[in-house]
Amino acid sequence: MRTFGSATIDLKSNLQLCKLKCASCELLCIQSRLHDGQHHCQTSHACIHSCDFCALFGETKACTISAGHPGNHMKVCIVNAHLCGQVCKLFGRQGCLDECTKVIGHADDDHLCAASVHACGQPCELSKLRLADGSTPCRGICGTPIDMNHDQHQCGARGCSFPCKLCKRLCASTDHLHGLQGGAIHLCGEEHSCPMQCIANGICEIETAPQSIEATFTGKHETFQYTQVAWFAKRLRCAKSIPPGLASHEGQHNHSLDERVVHFCKAKCGHCGYYCTLPLGHPQQEHETRHGSMSSSRWAIDGPDGASLEVEGRRFSSNDEGAPMMCNIVCKTLGRHTHIDYCRSQDATPCVMNPEALHISKRMLPAPDCPKDFVTHNLFWRRSGFKDPYSRNEQANFAKCGKAILITDLCWLLILTAGPEHTSAEGNAVQPSFSSPGYVSNDGHHFSCKNPVVMQQAFHVIFVADRSKSMSSTDRQPLENTPASGRIIRTSNNRFGALHAVAGRQAARRDAYSVILFDRNVVNAVVNDFSSSPDNLLDAVIRYQTSGGTNFTAAIQHAQSVMEQHWSTERTPVIIFLSDGESPIEDQTVQNLCRAAVRRGKALSFHSVSFGREKHSASLRRMFQIALEAQNNSPRDPLARTAATIASTYSEALDTVQLAETFLGIADSLTRPRGFLISNKET
């Protein structure tokens, strides 16, 4: 109804006539009162009557004076033959008929036309004012007779020319110069709908039907189309009416006349921006909403530079936007997971005391200067202030292994002793049952969760280590104060021994290990071993000594052969290539290695480690670049779970400590990177 009423007012405004004098004759202008340009009567401007003088002699001739003129109708020839015909002394004034109509040789010197009134002709006083659009409210000229003294110039228009401040009707004042009055308020005298918005506290209306918007996601690894789901809150217009003659109504603006009208809570989810659907001031402690696309969030991933997380076939990296995910679906998609949130303390001390939070000591995108914590699913939603949108069964599943997921070993496995379903001594284990979910441990206990070892991604890790003569240099030596230090130092107290010390720290699980040593030739120290202890692996390696020559090509080709001979669809191939020198190697050799892995369904993760000088590391760096390019261009492994791709890396280790840190970093990257969506800091 408001729209119809507004359209009616516009229609009536455009139908009102100007009614000021035509610029070419004495008739009135019949254009719209808001027209541009000169006034026009829309006629030929010629008088339609017959000459009065010709009629006296029985002739019928048309009057040749302009339409609407005052005085007698006459023909120009009559004026020329019988009357003075000189230029009127008031020529140019509004209403002037141009030629004197006195008799020829009249006694006085004043030539006057037949017009009864000669108007002032100055612009109307309102021409000095301007409307909101910059136009003048009146284009008329003063109609007061020139021989009459007057202080204000006023045209012949009747009524105020200003529009009503609340609509497009003209002001109801009958004073044409109303706009010159100080503080004049122009009102049409009709009732109006209030144009203001509701100012009551809270949200007036929340759209119940989510809006689907086709959008494009552009991340570090890929670009794709997705449907973004948004939900909008509205501030409605005031429903009150403004009485005739008033500029505003009494009381505050409100979108409803019902005193019991409900305004909704102003709280909104920090990730998707959906407003709470409960009434303002609701008694419930938690807010509630339906949730939508996480457009106010970005991915935060704990892992090496370039680490990504794969979710439903899509790869996301740190600082990628979170809009393709939805608050009420993402947790279910990820399964057991941890959330990432901004740390709420000045240091990590309170986090240590919180069993549901683990402080992250390293910098992490987005907002790398803001410290962050791993938090449990339950704590995340409590902090959000919104009700957890997931079912009780889903929440119970997310709660399992909560602390185990938060606290990881520096090398490989999750610590599996915190979740109650992993504890048998407290009576939490049950008797084995083939009909119930879970797994049975080696000691016969049944657990309600999946076997945590099977849940972890498995690898075939192939160490390809340089044992050329330069590796006998003693500038870098094995780590001291480790259980195996004495055994290593007795046989290889040099660079080669430093390699044994850190490589021996890797532990066997579902992962298979191969160790290939090379100089000018290649030898297998360990092949596809996934049952030996770290001590057994170390014994298999330390019996070899350094020798002469360096042949990268032979080493890579042999590593490819070992990978292909012992290929398993359960294990992702990982090659760790370590050398302190340089050897020429064709790009094609490394490309063949990478393509062999891709053909079998899994991309190779290649890690080159330089244990020498930078100037000797060009080949190692190039090998990494080729492997990374092949890895990024490879198709997704269809058998892989929603886990991260382990990006290939290049590292430099200047001493034994750095070498150890490099190996631990590679080992840590082989666990599934932890990541979740975190709200934009500015929101």
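Remember, it's a predicted structure, so these values are computed and weren't measured experimentally.

A short note on the sheet that holds strand E20 (residues 649–652)
Part 1: Judged by pairing direction, the sheet is mixed, and its six strands sit side by side in the order E17-E16-E15-E18-E19-E20 without closing on themselves. Only two strands of the sheet have a single partner each, and these edge strands are strand E17 (522–529) and E20. The mean angle between the axes of side-by-side strands here comes to 15 degrees, regardless of whether they run parallel or antiparallel.
Part 2: When strand E15 (residues 458–466) meets strand E18 (residues 571–579), the two strands line up parallel, connected through eight bridges. Residue pairing for E18: Ala-465 is matched across the bridge by Leu-578.

Things to note about helix H13 (residues 552–565)
Part 1: Spanning 14 residues, H13 covers 20 Å between terminal C-alpha atoms, matching the ideal 20 Å at 1.5 Å per step.
Part 2: Among the residues of H13, Phe-552, Ala-555, Ile-556, Ala-559, Gln-560, Val-562 and Met-563 are the ones counted as buried. Each buried residue of H13 sits inside an arc of 165 degrees when the element is viewed along its axis, so together they form one side.
Part 3: Its side-chain oxygen placed 3.2 Å from the backbone nitrogen of Thr-553, Asn-551 serves as the N-cap of H13.

Structural notes on the packing of H13 against helix H14 (residues 587–599)
Part 1: It is at 9 Å that the axes of H13 and H14 come closest, and there the two elements cross at 10 degrees. The angle between the axes of H13 and H14 places the two elements in the roughly parallel class. On H14, the residues touching Thr-553, Ile-556, Gln-557, Gln-560, Met-563 and Glu-564 of H13 are Thr-589, Asn-592, Leu-593, Ala-596, Ala-597 and Arg-599.
Part 2: Within the contact of H13 with H14, the residues separate by chemical class into five nonpolar, five polar and two charged.

Side note on the confidence of the model for the chain
Interpretation of this model should avoid reading the predicted coordinates in detail wherever pLDDT is low.
Part 1: When the pLDDT values of the chain are averaged, the result is 74; 72% of them are 70 or greater.
Part 2: The low-confidence segment residues 401–456, where pLDDT is below 50, has 107 contacts with residues more than four positions distant or belonging to other chains.
Part 3: Per-residue pLDDT stays below 50 along residues 492–509; that stretch engages in 74 contacts with residues further than four places along the chain or on separate chains.

Side note on the pairing of E15
Part 1: Buried residues dominate E15, accounting for nine of its nine residues.
Part 2: Side chains of E15 alternate between two faces, with Ala-458, His-460, Ile-462, Val-464 and Asp-466 and Phe-459, Val-461, Phe-463 and Ala-465 buried alike.
Part 3: The sheet contact formed by E15 and strand E16 (residues 512–518) spans seven bridges and is parallel. Within E16, the position partnered with Ile-462 by the bridge is Ser-514.

Concerning the sheet that holds strand E10 (residues 339–342)
Part 1: If you trace the three strands from one edge of the open sheet to the other, you get E10-E12-E11, paired in antiparallel fashion. Because the sheet does not close on itself, it has two edges, and the strands there are E10 and strand E11 (357–360). With strand direction ignored, the average angle separating the axes of adjacent strands in the sheet is 35 degrees.
Part 2: Bridge count between E10 and strand E12 (residues 372–375): four bridges; the pairing is antiparallel. Following the sheet pairing, His-339 is matched in E12 by Val-375.

Here's the deal with helix H6 (residues 377–384)
Part 1: His-377, Leu-379, Phe-380 and Trp-381 are the residues of H6 that are buried.
Part 2: In the segment just after H6, Gly-385 is the residue with positive phi, at about 85 degrees.

Side note on the packing of aromatic side chains
Part 1: Inspection of the entire model under this criterion finds eleven aromatic pairs.
Part 2: Look at Phe-217 and Phe-316: their rings are 5.4 Å apart centre to centre, the planes differ by 70 degrees, and that puts the pair in the edge-to-face class. With Phe-217 in strand E3 (residues 211–218) and Phe-316 in strand E9 (residues 314–317), this pair connects stretches of sequence that are 99 residues apart. We note that Phe-217, like Phe-316, is buried.
Part 3: Ring geometry for Phe-463 versus Tyr-513: centroids 6.3 Å apart, planes at 10 degrees, classification stacked. On the criterion of sequence distance, the pair formed by Phe-463 in strand E15 and Tyr-513 in strand E16 is long-range, its members being 50 residues apart.
Part 4: In this structure an aromatic cluster arises from ring pairing among Phe-217, Phe-224, Tyr-226, Trp-299 and Phe-316.
Part 5: The side chain of Arg-314 reaches across the aromatic face of Phe-224, ending 4.2 Å from its centre.

Parameters at a glance
Residues numbered from 1 in each chain as written. Predicted model: local features only at pLDDT ≥ 70, side-chain atom pairs only at ≥ 80, totals over all residues. Heavy atoms only, no water. Pairing = 2+ DSSP bridges. Helix = DSSP H or I, 4+ residues; strand = E, 2+ residues; numbered from the N terminus. Axes fitted to C-alpha atoms, helices over the stretch in contact; angles between N-to-C directions. Expected span 1.5 Å × (residues − 1). Buried < 20%, exposed > 50% of the residue type's maximum accessible area, 1.4 Å probe, protein only. Arc of directions from axis to C-beta. Polar contact = N/O pair within 3.5 Å; in protein donor to acceptor, adjacent residues only side chain to side chain. Parallel < 35°, antiparallel > 145°, perpendicular 65-115°, else oblique. Contact = heavy atoms within 4.5 Å. Nonpolar A, V, L, I, M, F, W, Y, C, P; charged D, E, K, R; others polar. pLDDT = per-residue confidence, 0-100. Phe/Tyr/Trp six-rings, centres within 6.5 Å; stacked < 30°, edge-to-face > 60°. Lys NZ or Arg CZ within 6 Å of the ring centre and 35° of its normal.

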